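Spelled out from the first residue to the last, the chains are:
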Amino acid sequence: MSMSVASEPISPDNRTTMGLGAVLPLTAEVRGSHLFIGGVDMVELARAQGTALYVMDERHVRMQLGTYRTEMNAHGAVADVAYAGKAFTSVAMCRLVADEGCSLDVSSGGELAIARAARFPMERIIVHGNDKTPLELTEAIEAGVGLIVADSNEELDRIDAIATERGVRQQVLLRVTPGVHADTHSFIQTGQEDSKFGFSAHSGAALEAAIYALALPGVDLAGFHMHIGSQIFSLDPFVRAVEVMVDFMAQVRERTGFVARDFDCGGGLGIAYRPTGEPSTIAQYAELLVGTITRCCAVRDLSVPRIHVEPGRSVVADAGVTLYTVGSVKRLPGIRTYVAVDGGMTDNIRPALYGAVYEATVANRAGEPRGTVVSIAGKHCESGDILIRDASLQPVTDGDIICIFSTGAYCQTMSSNYNKQVRPGVVFVSDGTVRQVVRRETYDDLLSCEVY
Ligand code: LLP
């Protein structure tokens, strides 16, 4: 479906009057009074498709993946960019990732099933999860995935048994915990000692696991993996973690003679959810990461392994927005004004779960200043179902279309059917064209698992 394209874009910040800077998708602009993304009028789109609706700026996603690939390979190392599907996945997204020459990190059998439906090249799949089931491991090995990241001795045994039975050797990375605290929400820190993920480098568990894996006939140990957390602004923890990991790799070589071919540094680069946020850029991250690995390997006289990174949020978060229709405006004098919309914690759990903050605009008044403070409430049966507390918005009334920015990561993938809410669909927008990639659920979808 193609939507009409209106008059020329207006300034300032050269694209909109909203002053939202880095929070906006690449192609966001204001034309007349409406917000456009990908050359598509968000107000027309919302009215045509219904709300709530996730919208992805396809050019933004492609640009981020392309930048990761260029920057990671600009410093003399060989690097692979594996997009982390847990941030946002769908068949169309998997195809886009394949098309951009990237690999894919899957964290469950379900994500693998989506990748297979997209005919994603299996040799470019990296399989994650701190407790993969025997069925998930079997599916992955039979599908011929490139790498499985092993998280426990039990998993190593299972991979060995499944692969041996099928007469194959599975390439495996060991997930190692470097014992580094990333400066982020405790729920999404993963590199510290007290973690359900991986084998500890400091305690010696990782070295023992490497020795163990090297002796398993069905396991072809390719190297090591770390992931220290998500939404990380400061690059220092990445440097400290790499130092620990390269020390560890040197220790493994000393004890066993094994030299890692692959080193996967996980994901974690943060993004700006507010215009005031100043995350590190992909270029800074890549230069520091590759530079640190190269320097540490030189000191230890190790050849530089193939480097993998697994970005999720920094690829899709700012590319995505969610559109809602305002149902009611409740003014509580002296207290606050609640603007209720036709979605909420079922399509974006992050404010309730992490206290995450977002920016928004009234898409049909995007050319006007955002001077009114209101709270955007969801429609669910919880007082905590507030999407944005004290949002700065244009004057708002029922029927208006609200656009919440930076919702491209960890919103659709963490959505739920609480209150038996049907999940929104997802559209990709690009060059004035709308492509539906996930349709909105129906009541029949809700009933499809009921047995009666
Ligand atoms: N690799 C591994 C092994 C991971 O566990 C993750 C994220 C990533 C890569 C991608 O990290 P990213 O580049 O997206 O930071 N639901 C939380 C985020 C959980 C992240 C889990 N692991 C949120 O909404 O903030």
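Not measured: the values here are computed from a predicted model.

Caption draft 1: Region of the structure containing the layout of surface pockets. As a volume, the second largest pocket reaches approximately 410 Å³. Looking at the lining of the second largest pocket, the elements with two or more residues in it are helix H2 (58–72), helix H9 (282–300) and helix H10 (313–316). Tallying contributions element by element places H2 first for the lining of the second largest pocket, with four residues. Tallied by class, the residues present in the lining of the second largest pocket amount to 10 nonpolar, nine polar and four charged.

Caption draft 2: Layout of the sheet that holds strand E3 (residues 40–41). Spatially, the three strands line up as an open sheet ordered E1-E2-E3, and their pairing is antiparallel. Because the sheet does not close on itself, it has two edges, and the strands there are strand E1 (29–31) and E3. Pairing of strand E2 (residues 34–37) with E3 involves two bridges; the strand directions are antiparallel. Within E3, the residue paired with Ile 37 across the bridge is Val 40.

Caption draft 3: Expanded view of the site of the ligand. Neighbouring residues of the ligand: 20 residues in total, closest Ser 230, Glu 310, Arg 313, Arg 350 and Tyr 410. Contacts to the ligand include Asp 105, whose side-chain N or O atom sits 3.3 Å from a nitrogen atom. In this structure, Tyr 354 approaches the ligand through a side-chain N or O atom, which is 2.8 Å from a nitrogen atom. Against a free-state accessible area of 580 Å², the protein chains account for coverage of 91% of the ligand. When its residues are assigned to classes, the shell around the ligand shows six nonpolar, eight polar and six charged. The residues that make up the shell around the ligand include at least three from each of domain 1 (17–57 + 317–446) and domain 2 (89–311).

Caption draft 4: Spotlight on the nonpolar core. The biggest cluster of nonpolar side chains holds 113 residues, and the ones touching the most others in it are Met 72, Tyr 83, Ile 125, Leu 174, Phe 224, Val 316 and Ile 402. Per-element tally for this core: the top contributor is helix H8 (residues 236–256), with 10 residues. When residues are assigned to domains, this core turns out to be shared by domain 1 (17–57 + 317–446) and domain 2 (89–311), each giving three or more.

Caption draft 5: Representation of the side chain of Gln 394 in the model. Within the secondary structure layout, Gln 394 lies in the loop between strand E18 (386–393) and strand E19 (401–405). Taking relative accessible area as the criterion, Gln 394 reaches 0% and is therefore assigned buried. A distance of 2.9 Å separates a polar side-chain atom of Gln 394 from the backbone nitrogen of Val 362. Not counting residues within four places of it along the chain, the set of residues in contact with Gln 394 comprises Thr 361, Val 362, Arg 365, Ala 366, Glu 368, Pro 369, Arg 370 and Thr 372.

Caption draft 6: Structural context of the domain arrangement of the protein chain. Partitioning the protein chain into structural domains gives domain 1 (17–57 + 317–446) and domain 2 (89–311). Centre-to-centre separation of domain 1 and domain 2, based on C-alpha positions: 34 Å. Taking both partners together, domain 1 and domain 2 bury about 1,400 Å²; carbon and sulfur atoms supply 63% of that area. Looking only at domain 1, the three residues that lose the most surface to domain 2 are Tyr 354, Val 357 and Phe 428, adding up to 30% of its buried area. Between domain 1 and domain 2 we count one salt bridge in total. Between Arg 274 and Glu 359 there is a salt bridge, and its shortest N-O distance comes to 2.9 Å.

Caption draft 7: Seen up close, helix H1 (residues 42–49). Buried within H1 we find Met 42, Val 43, Leu 45 and Ala 46. Viewed end-on, H1 has its buried residues packed into an arc of 165°, placing them on one side of the element. Exposed positions of H1 whose direction lies more than 90 degrees from the buried face are Arg 47 and Ala 48. The N-cap residue of H1 is Asp 41: its side-chain oxygen and the backbone nitrogen of Val 43 are 2.8 Å apart. Just past H1, the residue Gly 50 takes up positive phi, approximately 85°.

Caption draft 8: Representation of the packing of aromatic side chains in the model. Evaluated as defined, the whole model comprises six aromatic pairs. Ring centres of Phe 88 and Phe 428 lie 6.4 Å apart, and the angle between their planes is 55°; on these two criteria the pair is classed as tilted. Here Phe 88 is found in the loop between strand E5 (79–84) and helix H3 (91–99), whereas its partner Phe 428 is found in strand E20 (residues 425–430), with 340 residues between them in sequence. Seen in terms of ring centroids, Phe 224 and Phe 258 are 6.1 Å apart; in terms of plane orientation they differ by 80°. Their pairing is edge-to-face. Linking Phe 224 in strand E11 (residues 219–225) with Phe 258 in the loop between H8 and strand E12 (262–264), this pair joins segments that are 34 residues apart in sequence. Pair check on accessibility: Phe 224 and Phe 258 agree, each one buried.

Caption draft 9: Structural detail: the packing of H2 against H3. Interaxial distance between H2 and H3 falls to 10 Å at its minimum, and their mutual angle equals 40°. Put simply, H2 runs oblique to H3. By crossing handedness, the relation of H2 to H3 is classed as right-handed. Here Glu 58, Val 61, Arg 62 and Leu 65 of H2 lie close against H3, whose contacting residues are Met 93, Leu 96, Val 97 and Asp 99. Residue composition of the contact of H2 with H3, by class: five nonpolar, no polar and three charged.

Scoring rules and cut-offs
Residues numbered from 1 in each chain as written. Predicted model: local features only at pLDDT ≥ 70, side-chain atom pairs only at ≥ 80, totals over all residues. Heavy atoms only, no water. 1 Å grid on protein atoms, 1.4 Å probe; cavity = no way out; pocket = protein on both sides within 12 Å on 5 of 7 lines; lining within 4 Å. Points joined across faces, edges and corners; volume = space filled by probe spheres on them. Helix = DSSP H or I, 4+ residues; strand = E, 2+ residues; numbered from the N terminus. Nonpolar A, V, L, I, M, F, W, Y, C, P; charged D, E, K, R; others polar. Pairing = 2+ DSSP bridges. Near = heavy atom within 4 Å. Polar contact = N/O pair within 3.5 Å; in protein donor to acceptor, adjacent residues only side chain to side chain. Areas by Shrake-Rupley, 256 points an atom, 1.4 Å probe, with all protein chains shown as cover. Domains from an automatic or database assignment. Core = buried A, V, L, I, M, F, W, Y, C linked by side-chain atoms within 4.5 Å. Buried < 20%, exposed > 50% of the residue type's maximum accessible area, 1.4 Å probe, protein only. Contact = heavy atoms within 4.5 Å. Buried area = accessible area lost by both parts, 1.4 Å probe. Salt bridge = Lys/Arg side-chain N within 4 Å of Asp/Glu carboxyl O. Arc of directions from axis to C-beta. Phe/Tyr/Trp six-rings, centres within 6.5 Å; stacked < 30°, edge-to-face > 60°. Axes fitted to C-alpha atoms, helices over the stretch in contact; angles between N-to-C directions. Parallel < 35°, antiparallel > 145°, perpendicular 65-115°, else oblique. Left-handed = near helix turned anticlockwise from the far one by under 90°.

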